[in-house]
Amino acid sequence: MDNHNNIHSLEAKFEAKIDSEIKIEPKDWMPESYRKTLIRQISQHAHSEVVGMLPEGNWILRAPSLRRKVALLAKVQDEAGHGLYLYSAAETLGISREELYQQLLTGKAKYSSIFNYPTLSWADIGAIGWLVDGAAIMNQVMLTRTSYGPYARAMVRICKEESFHQRQGYEILISLSRGNAEQKKMLQDAMDRWWWPALMMFGPHDSASTHSEQSIKWKIKRKSNDELRQDFIDATVLQANYLGVNIPDPKLKWNEERGHYDFGDIDWEEFWNVVNGNGPCNKQRIKDRKKAYEGGEWVREAAMAHAEKRAKRKEEKVA
Amino acid sequence: MKQSLINYIFQLADNKLILGQRLSEWCGHAPELEIDIALTNIALDLIGQSRNLYSYAAELEGKGRTEDDMAYLRDCEAYRNVLLAEQPNEDFAYTIARQFFFDVYNHLFHKELVNSKDEQLAAIAEKSLKEINYHIRFSSEWVIRLGDGTEVSHAKMQTAVDDLWDYIGEMTTMNETDRLMLAEGVGVDLNKIRTAYFHKVKEILAEATLNIPEEEPFQKGGKDGLHSEHLGHLLTELQWMQRAYPGAQW
Ligand SMILES: [Fe+2]
Ligand SMILES: [Fe+2]
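Peer 1: What's the story with the packing of helix α12 (residues 297-318) of chain A against helix α6 (residues 119-147) of chain B in this structure? I'm lost.
Peer 2: In helix packing, the relevant descriptors are the interaxial angle and the interaxial distance, both defined with respect to the helix axes. With their axes 8 Å apart at the nearest point, α12(A) and α6(B) run at an angle of 90° to one another. The angle between α12(A) and α6(B) falls in the class roughly perpendicular. For the pair α12(A) and α6(B), contact is made by A:W298, A:V299, A:A302, A:A303 and A:H306 and by B:W142, B:I144, B:R145 and B:L146, respectively. Taken together, the residues of the contact of α12(A) with α6(B) sort by class into 7 nonpolar, 1 polar and 1 charged.

Next comes the structure, spelled out in structure tokens:
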């Protein structure tokens, strides 16, 4: 069998697996572009978890009650855990956490743009839980069925925690909605600032999305950006009504015929601006991540040096 | 008696809340994800323990106040934590040294507190002890790792130990509240744990190849409400929302 045929048959086998919903596992043959796409997507996802710790971490010290403080600490800690699972899932594709992390710090790898917006009030913590974790869940529930095994399994664990985060966020907002005038104002202000960026989380329109089509073919993604965005809006409007907040979109309207809400145009100029580094907090977020990474270098080195010393002493004892 | 018991509970609870708040500053900023998660775990444990204690103090007081009133609406001089707990993070070595010095005390203290005549305190101590066992393992291991790691980590760890040494005597020094509670069979005899405390501290520092400072630790006052400049800033941040929006429910 010549090389060409060989690859051909491997590809056929790979595609047959995808077609019959058999998960691709780390040791299976896979097309190089499938591997690359996954590394890009999983690491982007991992980076989003750890960069996402920053805007929410911004309110841990100021949380308005001990109960809220503990819940927020635990939430941000969960996100660190998600980062760990996802880096591990990416590592099964033959790349190290260290290398992935460097890509984040140098700006080569992206993370979710939503985290380039600032958390200005306590209500933002509620809004992030409800809208940002909520939007993430739409995507992540779909990814529990993604074709790559380790990614799908990581998602199952993560999804459980994310729905808890969403409820917790919504519950913060319910308290505000029942609070005094200042609290209600805080709530509406957060809604005004987070609504559109949350919709942008699903990415560009299907027609403008470069990676989408192939990803759907490979069953990495199972729904398009626009489908997911519509699902999210349909699910969220009722919750907003219950809170008594106004969704800042005059074009938002139930469409009986489509069975969906119609909504206004997303400001794609803002979207691309933030993606390309000009959001309110892009520089700050990377600076913070760099500071933690560089500031922690001596700690990681010490841990390694100590482990080596230990191993050596053990060896000497045995000898 | 009741007021002394409440003060005694504040001494315990404030240590935990203040240290928990300090550790929370690391959340999202630690040297690596695993450490981030571990530090946050300890913060969660400590703040959780403080909540049980504040609720108990509020119940004893019987004025309808809550755990949050205790944490958010007392000013510096009403806070009863030891000075060590409020010292700033500075760097990871300081954080570890502070944690280690505190954990050794906290561990010995709770091993005694489980025998308290006050059943509720004994029960809280019992529950806390399981968590504290983990804390002391974590902080001791890191003292050893950093002390016996690289030249850089050794130097940083030594500086942290030297700087914080001055604050470690207060934890095992009896004040009036401690004496009253000991007489009632509620509190812990700090003189009894003092020797064990310094023994354990020196043992771990030696294993970490660190110098053991010779001077007698001198600083105290926190347990009687006389604090360092740091506490006011810490409380400013911690209490801000409750102060800015009085009476609001969150
Ligand atoms: Fe997450
Ligand atoms: Fe989350």
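Peer 1: Sorry, what's going on with the coordination of the iron ion (ligand 1) here?
Peer 2: Expected angles at a metal are 109.5 degrees for tetrahedral coordination by four donors and either 90 or 180 degrees for octahedral coordination by six donors. Residues and elements named next belong to chain A. Looking at the metal site, the iron ion (ligand 1) is ligated by E49 (OE), E79 (OE), H82 (ND1) and E162 (OE), spaced 2.0 to 2.2 Å from it. For the iron ion (ligand 1), the 4 donor atoms are set out with angles of 83 to 145° between them, so the coordination reads as irregular. Sequence positions of the donors to the iron ion (ligand 1) reduce to the motif E-x29-E-x2-H-x79-E. The distance between the iron ion (ligand 1) and the iron ion (ligand 2) comes to 3.5 Å, with E79 serving as a donor to both metals. Residue E49 is found in helix α2 (residues 32-57), and its partner E79 is found in helix α3 (residues 66-91); the two are separated by 30 residues along the sequence. E79 shares its class with E49; the two are buried.

Peer 1: Which parts of the structure should I look at to understand the coordination of the iron ion (ligand 2)?
Peer 2: A:E79 (OE), A:D133 (OD), A:E162 (OE) and A:H165 (ND1) make up the full set of protein donors to the iron ion (ligand 2), lying at 1.9 to 2.3 Å. Going along the chain, you hit the donors of the iron ion (ligand 2) in the pattern E-x53-D-x28-E-x2-H.

Peer 1: I keep staring at a negative patch on the surface and nothing clicks. Help me out?
Peer 2: Residues and elements named next belong to chain A. A surface patch of like charges, here negative, comprises E98, E99, E294, E297 and E301. Breaking the negative patch down by element, the ones donating at least two residues are α4 (97-105) and α12. One can find E297 in helix α12. For E297, a relative accessible area of 36% puts it in the partly exposed group.

Peer 1: Please clarify how the interface of chain A and chain B should be interpreted in this entry.
Peer 2: How big an interface is tends to be reported as the loss of accessible area on association of its parts. Each partner contributes residues to the interface: chain A has 47 residues there, and chain B has 48 residues. Between chain A and chain B the total buried area reaches about 4,000 Å² when both faces are included, carbon and sulfur atoms providing 68% of it. Its largest share of buried area at the contact with chain B, chain A owes to A:L61, A:L66 and A:W298, together 20% of the area lost on that side. At the junction of chain A and chain B, the tally comes to 4 salt bridges. Across the pair A:K309 and B:D148 runs a salt bridge whose closest N-O atoms are separated by 3.0 Å. Residue contributions to the side of chain A that touches chain B peak at 14 residues, all from α3(A).

Peer 1: Would you mind going over unusual backbone geometry with me for this structure?
Peer 2: Phi at A:K219 takes a positive value of approximately 60°, unusual for a residue other than glycine. Owing to a relative accessible area of 18%, A:K219 belongs among the buried residues under this scheme. Phi at B:E90 takes a positive value of approximately 55°, unusual for a residue other than glycine. Looking at where B:E90 falls in the secondary structure, it is placed in the loop between α4 (83-86) and α5 (92-113). Taking the relative accessible area as the measure of exposure, B:E90 reaches 59% and is therefore exposed.

Peer 1: Mind showing me how you'd approach α2(A) here?
Peer 2: In a regular helix each residue adds 1.5 Å, so 26 residues correspond to 38 Å; α2(A) covers 38 Å between its end C-alpha atoms and thus fits that length. Across the 26 residues of α2(A), 20 count as buried, placing the element largely inside the fold.

Peer 1: Could you clarify how one ought to interpret the packing of aromatic side chains in this entry?
Peer 2: Summed over all chains, the structure comprises 26 aromatic pairs over all chains. Residues A:W59 and B:W240 carry aromatic rings whose centres are separated by 6.2 Å and whose planes lie at 40° to one another, so their mutual orientation is tilted. Residue A:W59 is found in the loop between α2 and α3, and its partner B:W240 is found in helix α10 (residues 229-244); the two belong to separate chains. Through pairs of rings, three or more aromatic residues link up here, namely B:F100, B:F101, B:W165, B:Y197 and B:F198.

Peer 1: So what exactly am I meant to see when it comes to the pattern of salt bridges here?
Peer 2: For side chains of opposite charge, pairing can occur when their charged atoms come near one another. Summed over the entire model, instances satisfying the criterion amount to 28 salt bridges over all chains. Linking B:E176 and B:R179 is a salt bridge whose minimum nitrogen-to-oxygen distance equals 3.5 Å. Here B:R179 and B:E176 lie together in helix α8 (residues 176-183), a separation of 3 residues that amounts to about one turn. Two residues, B:K223 and B:D178, come together in a salt bridge whose shortest N-O distance is 2.9 Å. One end of the pair, B:K223, is in the loop between α9 (190-207) and α10; the other, B:D178, is in helix α8, and 45 residues separate them in sequence. Here B:K223 and B:D178 have matching classes, each one buried. Several salt bridges converge on common partners, so that one network encompasses A:E56, A:K75, A:E79 and A:D133.

Parameters and conventions
- Residues numbered from 1 in each chain as written.
- Chains lettered and ligands numbered in written order.
- Predicted model: local features only at pLDDT ≥ 70, side-chain atom pairs only at ≥ 80, totals over all residues.
- Heavy atoms only, no water.
- Axes fitted to C-alpha atoms, helices over the stretch in contact; angles between N-to-C directions.
- Helix = DSSP H or I, 4+ residues; strand = E, 2+ residues; numbered from the N terminus.
- Parallel < 35°, antiparallel > 145°, perpendicular 65-115°, else oblique.
- Contact = heavy atoms within 4.5 Å.
- Nonpolar A, V, L, I, M, F, W, Y, C, P; charged D, E, K, R; others polar.
- Donors = N, O, S within 2.8 Å, 3.2 Å for Na, K, Ca; no water.
- Tetrahedral: all angles 85-135°; square planar, octahedral: opposite > 155°, others 65-115°.
- Buried < 20%, exposed > 50% of the residue type's maximum accessible area, 1.4 Å probe, protein only.
- Patch = residues over 30% accessible without salt bridge, like charges linked within 9 Å, V, L, I, M, F, W, Y side chains within 5 Å.
- Areas by Shrake-Rupley, 256 points an atom, 1.4 Å probe, with all protein chains shown as cover.
- Salt bridge = Lys/Arg side-chain N within 4 Å of Asp/Glu carboxyl O.
- Lys, Arg positive; Asp, Glu negative; His and termini not counted.
- Charge placed at Lys NZ, Arg CZ, Asp CG, Glu CD.
- Buried area = accessible area lost by both parts, 1.4 Å probe.
- Expected span 1.5 Å × (residues − 1).
- Phe/Tyr/Trp six-rings, centres within 6.5 Å; stacked < 30°, edge-to-face > 60°.

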